[in-house]
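# Commentary on secondary and tertiary structure
Spelled out, the chains give:
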Amino acid sequence: YEFNAGEYQRFASGFPFAETPDQLRAIEQIIRDLQSSRPMDRLICGDVGFGKTEVAMRAAFLAVQNGKQVCVLVP
C-alpha cells in the first residue's frame, strides 16, 4: 500500500469544511487500516451533516490510488 501524501492533500483540500475531531480520528483509523495487511471492513455512520461522505471519499481516493475498486452505497 502506497500513500502519496501530496496527491492525498491536493484531493482533501477540495473539501470546503474543516474536519471535526471525530472525522480526523476516523480518517487516521482508515489510513492505518489501509496500510495493514488485513482486509478492511468498516462502516461509517452518524447523524446527517457531520461529514461521513467526506470521510468515505477520502478512503475511496486512497483505495483507487492503490489500484483497488470502490463501491459507495448511499440511501
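In short, a report on the structure.

Scoring rules and cut-offs
Residues numbered from 1 in each chain as written. Predicted model: local features only at pLDDT ≥ 70, side-chain atom pairs only at ≥ 80, totals over all residues. Heavy atoms only, no water. Phe/Tyr/Trp six-rings, centres within 6.5 Å; stacked < 30°, edge-to-face > 60°. Helix = DSSP H or I, 4+ residues; strand = E, 2+ residues; numbered from the N terminus. Buried < 20%, exposed > 50% of the residue type's maximum accessible area, 1.4 Å probe, protein only. Expected span 1.5 Å × (residues − 1). Contact = heavy atoms within 4.5 Å. Axes fitted to C-alpha atoms, helices over the stretch in contact; angles between N-to-C directions. Parallel < 35°, antiparallel > 145°, perpendicular 65-115°, else oblique. Left-handed = near helix turned anticlockwise from the far one by under 90°. Core = buried A, V, L, I, M, F, W, Y, C linked by side-chain atoms within 4.5 Å. Salt bridge = Lys/Arg side-chain N within 4 Å of Asp/Glu carboxyl O.

Moving on to the packing of aromatic side chains. Under the counting rule described, the total for this entry stands at 2 aromatic pairs. Ring geometry for Phe 11 against Phe 15: centres 5.5 Å apart, planes inclined by 90°, an arrangement best described as edge-to-face. Pairing Phe 11 with Phe 61 gives two aromatic rings, centres 4.3 Å apart and planes at 10°, and the pair type is stacked. One end of the pair, Phe 11, is in helix 1 (residues 5-12); the other, Phe 61, is in helix 3 (residues 52-65), with 50 residues separating them in the sequence. Taking relative accessible area as the criterion, Phe 61 reaches 16% and is therefore assigned buried. Taken together, the ring pairs connect Phe 11, Phe 15 and Phe 61 into an aromatic cluster.

This part takes up helix 3. Compared with an ideal rise of 1.5 Å per residue, which puts 14 residues at 20 Å, helix 3 spans 20 Å between its outermost C-alpha atoms and is within 8% of the ideal. Taken together, the buried positions of helix 3 are occupied by Glu 54, Val 55, Arg 58, Ala 59, Ala 60, Phe 61, Leu 62 and Ala 63. Those residues of helix 3 that are buried are in contact with helix 1 and helix 2 (21-35). At the C-terminal side of helix 3, Gly 67 shows a positive phi close to 75°.

Right, let's get into the packing of helix 2 against helix 3. In the contact formed by helix 2 and helix 3, the axes pass within 10 Å of each other and the chain directions differ by 20°. The angle between helix 2 and helix 3 places the two elements in the roughly parallel class. As for the relative orientation of helix 2 and helix 3, their crossing is right-handed in sense. Together, Gln 23, Ala 26, Ile 27, Ile 30, Ile 31 and Leu 34 of helix 2 and Glu 54, Val 55, Arg 58, Ala 59 and Leu 62 of helix 3 make up the contact between the two elements.

Let's shift gears to the nonpolar core. In this structure, Tyr 8, Ala 12, Ile 27, Ile 30, Ile 31, Leu 34, Val 55, Ala 59, Phe 61 and Leu 62 together form the largest nonpolar core, which totals 10 residues. Mapped by element, the contributors of at least two residues to this core are helix 1, helix 2 and helix 3.

Turning our attention to the pattern of salt bridges. In the structure shown here, the tally under the stated rule is 5 salt bridges. Of the charged contacts, one joins Arg 58 and Glu 54 as a salt bridge, the two residues approaching to 2.8 Å between their closest N and O atoms. Residue Arg 58 and its partner Glu 54 are both found in helix 3; the two are separated by 4 residues, about one turn of the helix. Residue Arg 58 shares its accessibility class with Glu 54, and that shared class is buried. Because the salt bridges share partners, they merge into one network encompassing Glu 19, Glu 54 and Arg 58.

That's the geometry; what it means functionally is another story.
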